[in-house]
Amino acid sequence: MSILDILKKSFPNWTFKEQDHPMVECTTFADVIKYKGGNWQSVWHFDDQPYMDEGGKPSDFNYTKPEHNVTEAINGIVDWFNAAEGYDKSPIFDIMTKNGPSGHTMKDAWSQAMRLLLHYVGDSHQPLHGETRLDKEYPNGDRGGNDFPLITHIKVKNLHSVWDKVVYEFHTNPKLPFTADAWTLQETQVEKLLKDHPVSSLNDVKNLDPFQWQKETFEIASTFAYINIKEGEALPEEYITKGVQLAEKQIVTAGYRLANLLKSLTHLKQMPELDTIMSVPESQPVNFTQ
């Protein structure tokens, strides 16, 4: 049994969109559960480093950084999967194992954590998941560009969504589970991205330090994402052209790093001997809340 199969077996109503391509289809799980009692991990999608476009320092504004973030969440999950010393004492482990659908076991939490990890690695490479703009207009931060309105284009109306959609390039989401045609299109798009952005053109894809990933995404956000654009207006064509290239490179970099990260996880190398990996019996529930 694979790590993803555990939750599929226990909670098929949460995972029914994962069918022929579960490793990809499950990556939306972290967003979907926000609206099904999973809001406990909503701040884990971001690392809101303050970007002060008008100068100053964070203490000049009414800004309090969230207690937890995507960088910490990735490290917490990786430590768990590697059984690193003290992994079960971290706040991330504590929160993960105390929250989820009612009746989850520890193994279910482990399966859920893998889905979160797959999603978070992607989020950590999205530049506007790594900053929040602080200035006189947004003393509490602009929520990574979510509060930066733009003229609506292809149903996208703020700066954060622009980058979520790869600067308009991938502005539609395929329905899940994938149909055969949708999967073929997905493969074609991935092949093109890999061809257009060879490893030699990317940042170090063997660097598995989320703190370094955060620095890279913040640099894009602070040196490009907000430059020479205005709220309530359309993005310039030259911005879109360069933005697509930057966003694509981040996608490819994230893909390589995710693959390398998964290969490095000690416990996954022992699959499928789950009983030797997880000491908690399948039947013993943890204190999960709805």
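Being a predicted model, the structure only gives us computed values, none of them experimental.

**Structural notes on the overall build of the protein chain**
At step 1: Scanning the protein chain from terminus to terminus reveals 12 helices and 4 strands.
At step 2: Its C-alpha radius of gyration of 20 Å places the protein chain within 12% of the 19 Å reference for a compact globule of 290 residues.
At step 3: C-alpha atoms of the protein chain, sized along the principal axes, occupy 55 × 50 × 35 Å.
At step 4: For the protein chain, buried positions account for 47% of its 290 residues.
At step 5: Across the protein chain, every contact between residues at least 6 apart in sequence was considered, and the portion connecting residues at least 24 apart equals 72%.
At step 6: Summed over all atoms, the accessible surface of the protein chain reaches about 14600 Å², with 53% contributed by carbon and sulfur.
At step 7: Each charge sign in the protein chain was given a centre, from 28 positive and 41 negative side chains, and these centres are 2 Å apart.

**Focus: the nonpolar core**
At step 1: Ranked by internal contacts, the top residues of the largest apolar core, which has 38 residues, are F81, M114, L117 and Y120.
At step 2: For this core, the elements supplying multiple residues, two or more each, are α1 (3-10), α4 (29-32), α5 (70-81), α6 (91-98), α7 (106-123) and α11 (237-264).
At step 3: Those residues in contact with L117, other than ones at most four positions away along the chain, are I74, I77, V78, F81, L261, L262 and L265.
At step 4: The next biggest cluster of nonpolar side chains, apart from the first, holds 21 residues, and it includes Y51, L128, V167 and I220.

**So, the pairing of strand β3 (residues 149-153)**
At step 1: Direction of pairing for β3 relative to strand β4 (residues 156-158): antiparallel, over a ladder of 2 bridges. Note on β4: the bridge partner recorded for P149 is N158.
At step 2: Taking the residues between adjacent antiparallel strands as the criterion, β3 and β4 are bridged by 2 residues, where I154 takes a positive phi near 50°.

**Focus: unusual backbone geometry**
At step 1: A cis amide bond links L176 to the next residue, P177, at an omega of 0°.
At step 2: A positive phi is found at V167, a non-glycine position, where the angle reads about 50°.
At step 3: You can call V167 buried: its relative accessible area is 1%.
At step 4: One non-glycine residue, Y168, adopts positive backbone phi at about 75°.
At step 5: Here Y168 is to be found in the loop between α8 (159-164) and α9 (180-196).
At step 6: For Y168, a relative accessible area of 9% translates into the label buried.

**Comments concerning the pattern of salt bridges**
Side chains that differ in sign of charge can pair as their charged atoms come close.
At step 1: For the structure on display, the rule yields 13 salt bridges.
At step 2: Here R115 ties to E18 by a salt bridge, and the two come within 2.8 Å at their closest N and O atoms. Pair noted here: R115 is in helix α7 and E18 is in the loop between α2 (12-15) and α3 (22-25), with a separation of 97 residues, a long-range link.
At step 3: On the basis of relative accessibility, which here comes to 4%, the residue E18 falls in the buried class.
At step 4: With a closest N to O distance of 3.5 Å, R133 and D135 form a salt bridge.
At step 5: Within this structure, D53, R133, D135, D142 and E231 form a network of salt bridges that share partners.

**Concerning the packing of α6 against α7**
At step 1: Two elements in contact, α6 and α7, have axes separated by 9 Å at closest approach and are oriented at 115°. Seen along the crossing, α6 lies across α7 with a hand that is right-handed. The residues of α7 that touch α6, namely those facing F93, M96 and T97, are M106, A109, Q112 and A113.
At step 2: A per-class count over the contact of α6 with α7 returns 5 nonpolar, 2 polar and no charged.

Cut-offs used in this document
- Residues numbered from 1 in each chain as written.
- Predicted model: local features only at pLDDT ≥ 70, side-chain atom pairs only at ≥ 80, totals over all residues.
- Heavy atoms only, no water.
- Helix = DSSP H or I, 4+ residues; strand = E, 2+ residues; numbered from the N terminus.
- Rg over C-alpha atoms; globule rule 2.2 N^0.38 Å.
- Buried < 20%, exposed > 50% of the residue type's maximum accessible area, 1.4 Å probe, protein only.
- Contact = heavy atoms within 4.5 Å.
- Areas by Shrake-Rupley, 256 points an atom, 1.4 Å probe, with all protein chains shown as cover.
- Lys, Arg positive; Asp, Glu negative; His and termini not counted.
- Charge placed at Lys NZ, Arg CZ, Asp CG, Glu CD.
- Core = buried A, V, L, I, M, F, W, Y, C linked by side-chain atoms within 4.5 Å.
- Pairing = 2+ DSSP bridges.
- Salt bridge = Lys/Arg side-chain N within 4 Å of Asp/Glu carboxyl O.
- Axes fitted to C-alpha atoms, helices over the stretch in contact; angles between N-to-C directions.
- Left-handed = near helix turned anticlockwise from the far one by under 90°.
- Nonpolar A, V, L, I, M, F, W, Y, C, P; charged D, E, K, R; others polar.

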